[in-house]
Amino acid sequence: DTGVSQDPRHKITKRGQNVTFRCDPISEHNRLYWYRQTLGQGPEFLTYFQNEAQLEKSRLLSDRFSAERPKGSFSTLEIQRTEQGDSAMYLCASSLIIEGDGYTFGSGTRLTVV
Amino acid sequence: AQKVTQAQTEISVVEKEDVTLDCVYETRDTTYYLFWYKQPPSGELVFLIRRNSFDEQNEISGRYSWNFQKSTSSFNFTITASQVVDSAVYFCALKGGSGAGSYQLTFGKGTKLSVIP
């Protein structure tokens, strides 16, 4: 297991189109997180899963955003009807269910909406 | 609410100089965890260190050292004898020990470090 993998690395889409990103966490990690990072800012929490259950969603996650983690393995993040304001780096991370455990982040998917 | 402040937006140093990156945090939790991450141009966040709120012992790892002071709510990071490969954006982050904040990291805005050869 080489870490957290994200696909694609880059995505350019036209405004109004739907996009889907994939994240493959470290296999033994129960928790999976999605963060969004805009230029010049730190990552901001979007949502997290414990196994297959989505346990928390940030208010940043509008109804155009949906995330899934079927079978508690990989996860997908879909954005419908993309807007220019959705342009950002979308980071996935995973961790064990241990208090204070650090996260392992993937390299991210950079989305550009034109 | 939790908050992390990294007041230094950008720092430039000449190679071999020492540099300290500041981090100040706010939390009401009695148990919490502090982290530093490095983000090189490739974009991946690389974990550097984790400290829990009960352990104020400073830590040194090679050229890196961390100074945790609860009295001033600070967790500063020093790079000794900086190298060009240290050029990156560095993020300080906070996670609560229980409740709603225990699963998410709250990041500062980051400090961009440029090491000039």
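Figured I'd write up the structure that's included with this text. All values derive from a computational prediction rather than experimental measurement.

## Quick look at the pairing of strand β9 (residues 88–95) of chain A
Residue and element names in this part refer to chain A.
Then comes step 1: Among the eight residues of β9, eight are classified as buried, and the element is accordingly described as predominantly covered.
Then comes step 2: In the sheet, strand β4 (residues 31–37) pairs with β9 via seven bridges, with the strands oriented antiparallel. Looking at β9, one finds that Y35 is bridged to L91.
Then comes step 3: Strand direction decides the pairing type here: β9 and strand β11 (residues 109–113), joined by three bridges, are antiparallel. Looking across to β11, one finds that M89 is bridged to R110.

## A look at the state of the cysteines
Then comes step 1: By the definition in use, this model includes two disulfides over all chains.
Then comes step 2: Disulfide pairing is shown between C23 of chain A and C92 of chain A; the S-S distance is 1.9 Å. One disulfide, between C23 of chain A and C92 of chain A, carries an S-S torsion of -70 degrees and so falls in the left-handed class. Residue C23 of chain A is located in strand β3 (residues 19–24), and its partner C92 of chain A is located in strand β9; the two are separated by 69 residues in the primary sequence.
Then comes step 3: In this structure C23 of chain A comes out as buried when scored by relative accessible area, which is 0%.
Then comes step 4: Since its relative accessible area comes to 0%, C92 of chain A is described here as buried.
Then comes step 5: A sulfur-sulfur distance of 2.0 Å marks the disulfide that ties C23 of chain B to C92 of chain B. Here C23 of chain B and C92 of chain B share a disulfide; its torsion about the S-S bond, -65 degrees, makes the bridge left-handed.

## What to know about the pattern of salt bridges
Then comes step 1: Taken as a whole, this structure holds six salt bridges over all chains when the rule is applied.
Then comes step 2: With a closest N to O distance of 2.8 Å, R64 of chain A and D86 of chain A form a salt bridge. In this pair, R64 of chain A is assigned in the loop between β6 (53–57) and β7 (65–68) and D86 of chain A in the loop between β8 (75–79) and β9, connecting sequence segments 22 residues apart.
Then comes step 3: Judged by its relative accessible area of 10%, R64 of chain A falls in the buried class.
Then comes step 4: With a shortest N-O distance of 3.2 Å, D55 of chain B and R51 of chain B are connected by a salt bridge.
Then comes step 5: Via salt bridges that share partners, R64, E83 and D86 of chain A belong to a single interconnected network.

Parameters and conventions
- Every chain begins its residue count from 1, and numbering advances along the sequence as written.
- Chains carry letters from A onward and ligands carry numbers from 1 onward, assigned in written order.
- Totals for whole chains, interfaces and linings use all residues, but because this is a predicted model, local features are given only for residues with pLDDT of at least 70 and pairs of side-chain atoms are given and counted only at 80 or more.
- Calculated side-chain values reflect all of the structure's heavy atoms, with hydrogen atoms and water omitted.
- Throughout this description, buried means an accessible area under 20% of the type-specific maximum (1.4 Å probe, protein chains only), exposed means over 50%, and partly exposed covers the range between.
- Elements are defined by DSSP. Helices are runs of H or I of four residues or more, strands are runs of E of two residues or more, and each kind is numbered from the N terminus.
- Any two strands between which DSSP finds at least two bridges are classified as paired.
- By disulfide we mean two sulfur atoms from cysteines, separated by a distance within 2.5 Å.
- We define a salt bridge as a contact between a side-chain nitrogen of Lys or Arg and a carboxyl oxygen of Asp or Glu at a distance within 4 Å.

Keep in mind that these numbers describe shape and distance, not what the molecule does.
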